[in-house]
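Structural features, examined
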Amino acid sequence: MVSSSADQTLAVQVVDSMERMSGRHPGCRRSSARGAVFRATFTPTGAAAALTTAAHLQTRPVTATVRFSNSEGDPHTPDTAPVTRGMATRFHLQDGSDTDLVALSVPRFVASTPREFLELTEALRPDPGTRRPEPARVHAFVHAHPHLAEAVAQQPPVPASYACTAYWAVHAFIWVDAAGAGQPVRYRWEPEAGRTDLTAAQAATRTAHYLTDELHQRLERAPVAFDLRIQLAGPDDPTHDPSTVWPDHREEITAGRLEVTAPADGQDLRDTQAFDPTRVTSGIQISDDPVLAFRAHAYAESHLRRSHERQSR
């Protein structure tokens, strides 16, 4: 087991490397720097109640806060860039506590350990002259980590809308039922409007902030909905490696429906909040995925830096 001190040291190194990769932008997240926050309601179907005692997955609706974002650490990255999108959801439980679910628009993570992620961010550091990663460094990383070739090569599409994109939580979690039995699961938000991507020609006609603008306009007409799809692991499906995916034919259930209704009040204040995928509630446990456990340390380091930067303005 890696010590907390070692985790913290590595978190500092990772956040430093992410700053070298994307540049320093005081007051902003080191990843998913630009986003927008919305109000929502989550209504469980009850289909998960036999598998977990988690309060928000039983029968009663709960309110939620949702942040959509680009994955880049540069807040000036336009929405037209072919980068990963994020959907972070905070469920506000009836007892006053919260639990978070952080998801990406790709089905697998780009590293299977925190150390590999640090090495990848160093490989992706842009050349000062071209301001683009050096292909030779990226190829060397993939050559040294061939099991990550598919994850690193995945090319996120440019979505027509935040509302027309699927989002995967990429990590495995363990649901615990009333008898104490565990079931490994993975989460996916499936858009009720269907998945729709843009061609390169279509993306070229969009504005730099079109995803946020389009979602605001869409919400003026009607709420935006997502189904929370749960993939149940088979006996041999790995829970420790977020760079892999489980077979498509694994059993799935629909645990609930999220309805995004309007922009959140106090947008600047809410955008300073830190979503944490390890913020789970009773009935849900984090798996043996080392990247999942490490993200809490990296997020805390990023949040600490941007909080200090905002206070010093």
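Check the entry above for the structure.
Reference entry: report on the structure contained in this document.

Calculation notes
Residues numbered from 1 in each chain as written. Predicted model: local features only at pLDDT ≥ 70, side-chain atom pairs only at ≥ 80, totals over all residues. Heavy atoms only, no water. Core = buried A, V, L, I, M, F, W, Y, C linked by side-chain atoms within 4.5 Å. Buried < 20%, exposed > 50% of the residue type's maximum accessible area, 1.4 Å probe, protein only. Helix = DSSP H or I, 4+ residues; strand = E, 2+ residues; numbered from the N terminus. Polar contact = N/O pair within 3.5 Å; in protein donor to acceptor, adjacent residues only side chain to side chain. Contact = heavy atoms within 4.5 Å. Phe/Tyr/Trp six-rings, centres within 6.5 Å; stacked < 30°, edge-to-face > 60°. Lys NZ or Arg CZ within 6 Å of the ring centre and 35° of its normal.

1. Brief notes about the nonpolar core
Counting 44 residues, the largest nonpolar core has F68, W175, Y187 and W189 as its most contacted members. The leading source of residues in this core is strand β10 (residues 224–232), at five residues. Membership of the second largest hydrophobic core comes to 16 residues, among which are F109, A166, V170 and A298.

2. Some thoughts on the side chain of R34
One can find R34 in the loop between α1 (4–22) and β1 (35–44). Under the relative-accessibility criterion, R34 is labelled buried at 16%. Within the structure, the side chain of R34 is placed 3.0 Å from the backbone oxygen of T77, a separation counted as a polar contact. Within the structure, the side chain of R34 is placed 3.5 Å from the backbone oxygen of A208, a separation counted as a polar contact. For R34, the contacting residues outside a window of four places in its chain are R67, F68, S69, N70, P75, T77, P78, D79, A208, H209 and T212.

3. Quick look at the packing of aromatic side chains
Applying the stated criterion across every chain yields a total of eleven aromatic pairs. With a centroid separation of 5.2 Å and 75° between ring planes, the pair formed by F42 and F91 is classed as edge-to-face. Taken together, the residues F42 in strand β1 and F91 in strand β3 (residues 85–92) connect sequence positions 49 residues apart. Taking relative accessible area as the criterion, F91 reaches 2% and is therefore assigned buried. By way of ring pairs, the aromatic residues F38, F68, Y162, Y167 and F226 are connected into one cluster. If you follow R90 out to its NZ or CZ, it ends over the ring of F275, 4.9 Å from the centre.

4. With respect to the environment of G234
Position of G234 among the secondary structure elements: in the loop between β10 and β11 (252–263). Given a relative accessible area of 15%, G234 falls into the buried group. Along the sequence, G234 and V62 sit 172 residues apart, while their C-alpha atoms lie 30 Å from each other.

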